[in-house]
Amino acid sequence: MPLIRNSESLDIPENVTLSIVGRVVTVKGPRGTLTHDLRHNQQNFRVEAKGRRFVVTRFFGGGIEKSCIQTALSLVKNMINGVTLGFRVKMRFAYSHFPINVTIDGNVVEIRNFLGEKRVRRQEIPKTVKVTRTDNAKVKDELVLEGNNLNEVTQAAACIHQQCLVKKKDIRKFLDGIYVQSKGFAQEEE
């Protein structure tokens, strides 16, 4: 049975400003600005308590509509974390015989010598995501992706991983590839 009113809220940190125009949420913080379009959700968004609390309300909603409230809050919380701390994904190269060679040219990652193949795999990375190779003296065969938008950073990592999938071989034996090692914040929380 639908409830008349479902509402959830999220506190906004001091160094972040959040604005809503027609269900398009914009979050500004020390690391930049993020915008997300939530017009597909039939919910009411508002900022109250002098700009320190974000409230999502749904009228006459059942169970699925109630879960959409928490989804909208999670999206905004990830945007707040992105403009304050940023996101970092570390990836490692795994190979047994043929060493994987990865070069970064601007916003294009090129993968060579995967399983000894001559084919060059190219993956374009969004301009908002910064890709770097870790120095081999510190950590060997590591790729680091950083950015403010969680969706773009993790999508770029997933696309790089999918470029190196083993085809037509036993994947229990051929474990070569580029895998996500860790996910976290670009800056550590105080």
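Just above sits the structure.
Let me sum up the structure you'll find in this document. Worth saying up front: this structure is predicted, and the values here are computed from it rather than measured.

Here we look at the sheet that holds strand β1 (residues 3-11)
In space, the three strands of this open sheet follow the order β1-β6-β5, with antiparallel pairing throughout. The open sheet terminates on both sides in strands that have one partner only, identified here as β1 and β5 (44-48). Between one strand axis and the next, the sheet turns through 25 degrees on average, direction left out of account. Sheet topology places β1 next to strand β6 (residues 53-61); eight bridges connect them, and they run antiparallel. Opposite R5, over in β6, you have F59 as the bridge partner. Running over the sheet, helix α1 (residues 63-84) touches β1, β5 and β6 and is turned about 15 degrees from β1.

Some thoughts on a nonpolar patch on the surface
Taken together, the side chains of I4, F59 and F60 define a hydrophobic patch exposed on the protein surface, amounting to about 350 Å² of accessible area. On the basis of relative accessibility, which here comes to 59%, the residue F60 falls in the exposed class.

Concerning the nonpolar core
If you look at the biggest cluster of nonpolar residues, it comprises 21 residues, and the most contacted ones within it are M91, V102, I111, L143, L145, I160 and I178. Secondary-structure elements contributing two or more residues to this core are β7 (87-94), β9 (108-112), β12 (142-147) and α2 (150-163). The leading source of residues in this core is α2, at four residues. If we ignore the near neighbours within four places in the chain, the residues touching I178 are M91, R92, F93, V102, I111, I160, H161 and C164. L10, V16, V56 and I69 belong to the second-largest nonpolar core, a separate cluster that totals 18 residues.

Overview of α1
Its 22 residues place the ends of α1 32 Å apart at the C-alpha level, agreeing with the 32 Å of an ideal helix rising 1.5 Å per residue. Taken as a whole, α1 has its buried residues at I69, A72, L73, V76, M79, I80, N81, G82, V83 and T84. Remark: G86 follows α1 within two positions and exhibits a positive phi of approximately 80 degrees.

Conventions adopted
Residues numbered from 1 in each chain as written. Predicted model: local features only at pLDDT ≥ 70, side-chain atom pairs only at ≥ 80, totals over all residues. Heavy atoms only, no water. Pairing = 2+ DSSP bridges. Helix = DSSP H or I, 4+ residues; strand = E, 2+ residues; numbered from the N terminus. Axes fitted to C-alpha atoms, helices over the stretch in contact; angles between N-to-C directions. Contact = heavy atoms within 4.5 Å. Patch = residues over 30% accessible without salt bridge, like charges linked within 9 Å, V, L, I, M, F, W, Y side chains within 5 Å. Areas by Shrake-Rupley, 256 points an atom, 1.4 Å probe, with all protein chains shown as cover. Salt bridge = Lys/Arg side-chain N within 4 Å of Asp/Glu carboxyl O. Buried < 20%, exposed > 50% of the residue type's maximum accessible area, 1.4 Å probe, protein only. Core = buried A, V, L, I, M, F, W, Y, C linked by side-chain atoms within 4.5 Å. Expected span 1.5 Å × (residues − 1).

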